[in-house]
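Coordinates in review
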Amino acid sequence: MKLIAVDLDGTLLNHDKEILEGSRKAIVKAAEAGIRVVVASGRSNLEAQGFVKDTACDRWLICSNGAVIVDRMTGERHKVWQIPRETAAETVRRGEECGLRMFLYIDDEIWMTNDTYEQIFSKMRGFQVPGSMLHLTDDLVGDVASCKGVVTKLMGWSMDADKKRCAKEWMSELPGLTFTSSGPDNFEIMAEGAGKGEAIRWLAQELGISMDETAAIGDSDNDLNMLHAVRHPIAMGNASDHVKEQVEFVTGTCNTDGIERAIAWVMEQDA
């Protein structure tokens, strides 16, 4: 094996949003064996970097659900799948009309309304980002329509399944979008062709690595794209049954020895 892609939330991060010491040691062991451990997260570039900066994870970072591939040592973006801002603004408008809380990843910032931040995300466990990374506004549609930045991902949030279904169906009428989800309360929107699996294929080609020499570890629906792409797909013990049914190996949970066991299992495949 030459490359292991690892999701963050619910995978490398435990439920307290920490990386266990055993996981850190397993990543070091893999790196010493010449295996690149590449984080592939739905989080933004700077969010993800904040979690992995003191680990032996590879310098390459896949973020925004595969819409951005960045060298975390230099900050250079090597590949970006972007959503046209006109499409992004209309997507936000449709989401808001259906009663969803909408937010976007634009460049290295997270955009949302003041009300969405105050009522939802300021109280959400795991949503801890510096104020410099937040763009808060009372007119999200207008700000997005006039922005100069690169839109890489949108999210619609609601606990109401009917609202999410209504919004997704309406948004699906817009061209050039693809949808996934990282939890029961949300769905995520990227440019058509973007995804963790596509990002891994692009990166493997850049590094001269065959896809037969790749593995991936994840727990959610937004990881299925990469789990289907690699040679050895692995699900965390805390993953849904839907995800577990589609992998080769099920490891421990993110709160126990899941990453240790998964990396050890991958290394055994070369033995």
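In what follows, the structure referred to is the one given above.
This write-up is about the structure you can find in this document. Please read these numbers as outputs of a predicted model, since none were measured by experiment.

Each value, and the rule that gives it
Residues numbered from 1 in each chain as written. Predicted model: local features only at pLDDT ≥ 70, side-chain atom pairs only at ≥ 80, totals over all residues. Heavy atoms only, no water. Pairing = 2+ DSSP bridges. Helix = DSSP H or I, 4+ residues; strand = E, 2+ residues; numbered from the N terminus. Axes fitted to C-alpha atoms, helices over the stretch in contact; angles between N-to-C directions. Contact = heavy atoms within 4.5 Å. Salt bridge = Lys/Arg side-chain N within 4 Å of Asp/Glu carboxyl O. Buried < 20%, exposed > 50% of the residue type's maximum accessible area, 1.4 Å probe, protein only. Patch = residues over 30% accessible without salt bridge, like charges linked within 9 Å, V, L, I, M, F, W, Y side chains within 5 Å. Areas by Shrake-Rupley, 256 points an atom, 1.4 Å probe, with all protein chains shown as cover. Lys, Arg positive; Asp, Glu negative; His and termini not counted. Charge placed at Lys NZ, Arg CZ, Asp CG, Glu CD. Parallel < 35°, antiparallel > 145°, perpendicular 65-115°, else oblique. Left-handed = near helix turned anticlockwise from the far one by under 90°. Nonpolar A, V, L, I, M, F, W, Y, C, P; charged D, E, K, R; others polar.

1. Topic: the sheet that holds strand E11 (residues 186–191)
Pairing between sheet strands relies on hydrogen bonds along the backbone, with the strands arranged either parallel or antiparallel. What the six strands build is an open sheet, ordered E8-E7-E6-E9-E11-E10; its pairing is mixed. The sheet is open, and its two borders are formed by strand E8 (134–137) and strand E10 (177–180), each paired with just one other strand. Strand-to-strand twist across the sheet, computed as the mean angle between neighbouring axes with direction ignored, equals 20 degrees. When strand E9 (residues 151–157) meets E11, the two strands line up antiparallel, connected through four bridges. Following the sheet pairing, Met-155 is matched in E11 by Glu-188. Across the face of the sheet, helix H3 (residues 85–97) comes into contact with strand E6 (101–106), strand E7 (109–113), E9, E10 and E11 while running at roughly 160 degrees to E6. Each of E6, E10 and E11 touches helix H6 (residues 161–171); the most contacted strand, E11, lies at about 15 degrees to it.

2. Observations regarding the pattern of salt bridges
If you walk through the whole model with that rule in mind, you get 16 salt bridges. Glu-97 is the salt-bridge partner of Arg-93, the closest N and O atoms lying 2.6 Å from each other. Highlighted residues: Arg-93 and Glu-97, both in helix H3, separated by four residues, approximately one helical turn. Overlapping salt bridges, with partners in common, bring together Glu-90, Arg-93, Arg-94, Glu-97 and Glu-173 in one network.

3. Points about the environment of Arg-77
Within the secondary structure, Arg-77 is located in strand E5 (residues 77–80). A residue is classified by how much of its surface remains accessible, and Arg-77, at 26% relative accessible area, is partly exposed. Between the alpha carbons of Arg-77 and Gly-10 there is a distance of 25 Å; along the sequence they are 67 residues apart. Among all residues touching Arg-77, those that are not within four sequence positions of it are Val-68, Ile-69, Val-70, Asp-107, Asp-108 and Thr-152.

4. Some remarks on a negative patch on the surface
Judged by side-chain charge, Glu-96, Glu-118, Asp-138 and Asp-139 come together as a negatively charged surface patch. Its location among the elements puts Asp-139 in the loop between E8 and helix H5 (140–146).

5. Things to note about the packing of H3 against H6
H6 packs onto H3 with a crossing angle of 150 degrees between their chain directions and a minimal axis gap of 9 Å. For the element pair H3 / H6, the angle class is roughly antiparallel. For the pair H3 and H6, the sense of crossing is right-handed. Touching Thr-91, Arg-93, Arg-94, Gly-95 and Glu-97 of H3 are Ala-167, Trp-170 and Met-171, all from H6. Residue composition of the contact of H3 with H6, by class: three nonpolar, two polar and three charged.

6. Considering the sheet that holds strand E2 (residues 36–40)
Strand order in the open sheet made by the eight strands is E5-E4-E3-E2-E1-E12-E13-E14, with mixed pairing throughout. Looking at which strands have only one partner, the edges of the open sheet turn out to be E5 and strand E14 (249–250). Of the pairings in the sheet, the one linking strand E12 (residues 214–218) to strand E13 (residues 232–235) comprises four bridges and is parallel in character. Bridge assignment links Ile-217 to a residue of E13, and that residue is Ile-234. Where helix H2 (residues 45–52) meets the sheet, it contacts E2, strand E3 (60–63) and strand E4 (68–71), and its direction lies at approximately 130 degrees from that of E3.

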